[in-house]
Amino acid sequence: MQDYSGYGQPTMPMPPMPPPPRRRVGALSYLLVALVAGALGAGSVVALYHPASNSSTASPQPSSGALKPQPLPSGAVPQPGTGSPGTSVGEQAIVNKVAPGLVIINTTLQYSGEQAAATGMVISSDGLVLTNNHVIEDSTSISARTATGKTYTAKIVGYDPTGDVALIKLQGASGLRTVPIGNSTSIKAGDSVVAMGNAEGQNAIVPAAGQVTALNQTITAGDQGGSISQETLHNMIQTNANVVSGDSGGPLANSAGQVIGMDTAGNDGGFAVQQQSAAGYAIPINAALALAQQMAQGQASSTVTIGYPPFMGIFIGQGSNSDPQAQAAQQSNGNSFGGFGGFGGNGNQGCYTSDRNLVAPQNIANISSGTLILGTVCGGPAAAAGMTAGSVITAVNGQAIGSPESLTGVVSKFRPGSTISVTWVSPSGHRSVSSIALTAGPPQ
């Protein structure tokens with residue numbers, strides 16, 4: 001198996017830095033769209049975004065006021081200086097053609113109290129940027145800094161988790177340089193390539209030269225937290241260029257300085273990967289652009305989501321078990337919370353600003369079937385309706401709800417702005433029917 005990059009060594013000298021904190025993603029969903037969790041075993045690959053930091057605070061608002069990403073150092077732009085150590089004249093010529101069309105992406109994951117950094121490619125002068133789905137996954141705010149040093153707020157146009165492709169739009173952008181696009185069908189094993197990206201989240205584009213070592217590869221990739229679903233990606237380009245954390249969404253360029261792939265996955269030395277030699281993987285640019293065009297045209301499908309998903313503002317578990325007590329037990333035995341910390345407190349706190357202090361509820365509605373609410377997001381629709389940890393949702397628009405899986409399946413069919421009728425039972429046994437206006441939530 002492969003993972004979404006790993007913390008490999010940078011391809012050019014960099015100052016020492018402490019090991020980056022890993023993004024904590026448990027088998028827990030806070031917005032109601034389909035999300036299947038599964039523990040990753042040895043040989044998995046981890047996200048090529050770079051977890052920048054854990055935030056000590058988070059905004060209580062589910063759809064606005066999210067934490068802003070840490071500012072880039074003054075004068076930092078996503079383009080290496082001419083003659084960077086370890087970069088040959090030929091490689092620098094390729095970088096000079098491609099880097100002006102790259103952006104450094106910073107995301108805030110408000111509900112896990114964290115931030116991350118990666119890369120994107122400008123594909124239209126008015127600010128359409130191509131990147132990976134796992135770069136924008138769970139994000140509550142996105143910013144992108146161009147080669148000129150200007151930072152834009154970005155909004156999601158669309159995303160496809162199965163293809164690991166996302167399209168974002170820089171707000172108010174115009175006259176941007178775009179990346180030169182090549183033809184991924186023309187490449188062959190042995191071709192020289194240069195991978196580029198925001199390596200290790202250092203807020204600068206770092207090149208890594210190599211060769212195409214194989215085509216049409218199928219890999220299994222998963223988040224470095226080891227608890228969201230694995231993805232099987234097909235027809236990938238394999239390279240021995242040193243693709244590392246932070247490179248996600250960056251270009252794999254040919255010797256003519258044309259983008260023929262999007263950096264997506266690489267080996268992580270922290271896992272017992274199957275491959276004995278270093279390998280990076282890129283999505284062929286033709287395939288990535290075909291999905292981006294579909295998103296730009298607003299064409300949703302069974303795999304492509306346009307815009308943002310619906311958001312109730314509740315934390316729930318995973319799986320197909322419809323017994324709320326069993327759902328609580330799954331959280332308490334540690335199968336789902338991962339690195340969220342110990343289970344302290346009474347488990348029925350009024351609301352949460354992130355999953356950082358989320359604990360298993362001790363007081364649970366005494367009913368046999370429904371989706372257990374592990375916690376509500378402060379300021380979210382569910383909290384406004386009076387729902388608390390330990391409440392159990394039994395129906396949506398009159399349709400019976402059992403497992404968390406059934407709830408996500410039903411609510412994911414709606415769009416932000418829709419109002420749904422939710423039947424729920426409080427920990428004390430009181431039955432309520434609430435009208436919930438769904439807001440826009442982070443992409444899953």
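Heads up: these notes are all about the structure in this document. (Residues numbered from 1 in each chain as written. Predicted model: local features only at pLDDT ≥ 70, side-chain atom pairs only at ≥ 80, totals over all residues. Heavy atoms only, no water.)

### Details of the overall build of the protein chain
Logical step 1: Counting its regular elements, the protein chain contains 6 helices and 23 strands.
Logical step 2: Burial statistics for the protein chain: of 444 residues in total, 57% are counted as buried.
Logical step 3: Counting only contacts in the protein chain whose residues sit at least 6 apart along the sequence, the fraction spanning at least 24 positions is 73%.
Logical step 4: On the protein chain, roughly 16000 Å² of surface is accessible, and the fraction owed to carbon and sulfur atoms is 50%. (Helix = DSSP H or I, 4+ residues; strand = E, 2+ residues; numbered from the N terminus. Buried < 20%, exposed > 50% of the residue type's maximum accessible area, 1.4 Å probe, protein only. Contact = heavy atoms within 4.5 Å. Areas by Shrake-Rupley, 256 points an atom, 1.4 Å probe, with all protein chains shown as cover.)

### Looking at unusual backbone geometry
Logical step 1: Of note in the backbone geometry, D138 takes a positive phi value of approximately 70 degrees without being a glycine.
Logical step 2: Tracing the sequence through the fold places D138 in the loop between α2 (133-136) and β5 (141-145).
Logical step 3: A positive phi angle, near 55 degrees, is found at N397, a position not held by glycine.
Logical step 4: Here N397 shows up in the loop between β19 (392-396) and β20 (399-400).
Logical step 5: A relative accessible area of 42% places N397 in the partly exposed class.

### Digging into the pairing of strand β12 (residues 259-266)
Remark: a regular strand shows side chains that alternate across the two faces of the sheet.
Logical step 1: Among the 8 residues of β12, 8 are classified as buried, and the element is accordingly described as predominantly covered.
Logical step 2: Hairpin connection from strand β11 (residues 251-254) to β12: 4 residues lie between these consecutive antiparallel strands, with G257 at a positive phi of about 80 degrees.
Logical step 3: Relative to strand β13 (residues 280-284), β12 runs antiparallel, the two being bridged by 5 bridges. Residue G266 lies in a different strand from β13, and its bridge partner there is G280. (Pairing = 2+ DSSP bridges.)

### Considering the packing of aromatic side chains
Logical step 1: Taken as a whole and judged by the stated rule, the model has 2 aromatic pairs.
Logical step 2: On the basis of an interplanar angle of 25 degrees and a centroid distance of 5.4 Å, the ring pair of Y111 and F311 is categorised as stacked. Here Y111 is found in the loop between β2 (102-109) and β3 (114-122), whereas its partner F311 is found in strand β15 (residues 310-311), with 200 residues between them in sequence. The burial state of Y111 is the same as that of F311; both residues are buried.
Logical step 3: An angle of 80 degrees between the planes, with centres 6.4 Å apart, marks the rings of F315 and Y352 as edge-to-face. Of this pair, F315 sits in strand β16 (residues 314-315) while Y352 sits in the loop between α4 (324-332) and β17 (371-372), and the two are 37 residues apart along the sequence. (Phe/Tyr/Trp six-rings, centres within 6.5 Å; stacked < 30°, edge-to-face > 60°.)

### Some thoughts on the pairing of β11
Logical step 1: The alternating pattern of β11 places P251 and A253 and L252 and N254 on opposite faces, both of which are buried.
Logical step 2: Pairing between strand β8 (residues 192-197) and β11: 3 bridges, direction antiparallel. Across the sheet, residue V193 finds its bridge partner in β11, namely N254.
Logical step 3: Across 3 bridges, the pairing between β11 and β12 is antiparallel. Considered in β12, the bridge of P251 is made with M262.

### Some points on the environment of A279
Logical step 1: Secondary-structure assignment places A279 in the loop between β12 and β13.
Logical step 2: The exposure class of A279 is buried, given its relative accessible area of 8%.
Logical step 3: Each C-alpha atom of the pair A279 and V212 lies 9.8 Å from the other, and the pair is 67 residues apart in sequence.

### Describing the nonpolar core
Logical step 1: Formed by 33 residues in total, the largest nonpolar core has its most connected members in V98, M121, L130, V165 and M196.
Logical step 2: Broken down by element, this core gets its largest block of residues, 5 residues, from helix α3 (residues 285-296).
Logical step 3: Counting 18 residues, the second largest nonpolar core, distinct from the first, contains V129, A144, A166 and L176. (Core = buried A, V, L, I, M, F, W, Y, C linked by side-chain atoms within 4.5 Å.)

### Some thoughts on helix α1 (residues 89-98)
Logical step 1: For α1, the full list of buried residues reads E91, Q92, I94, V95 and V98. The buried residues of α1 occupy an angular sector of 160 degrees when the element is viewed end-on, so they sit on one face.
Logical step 2: Buried residues along α1 sit in contact with β2, β8, β9 (206-221), β11 and β12. (Arc of directions from axis to C-beta.)

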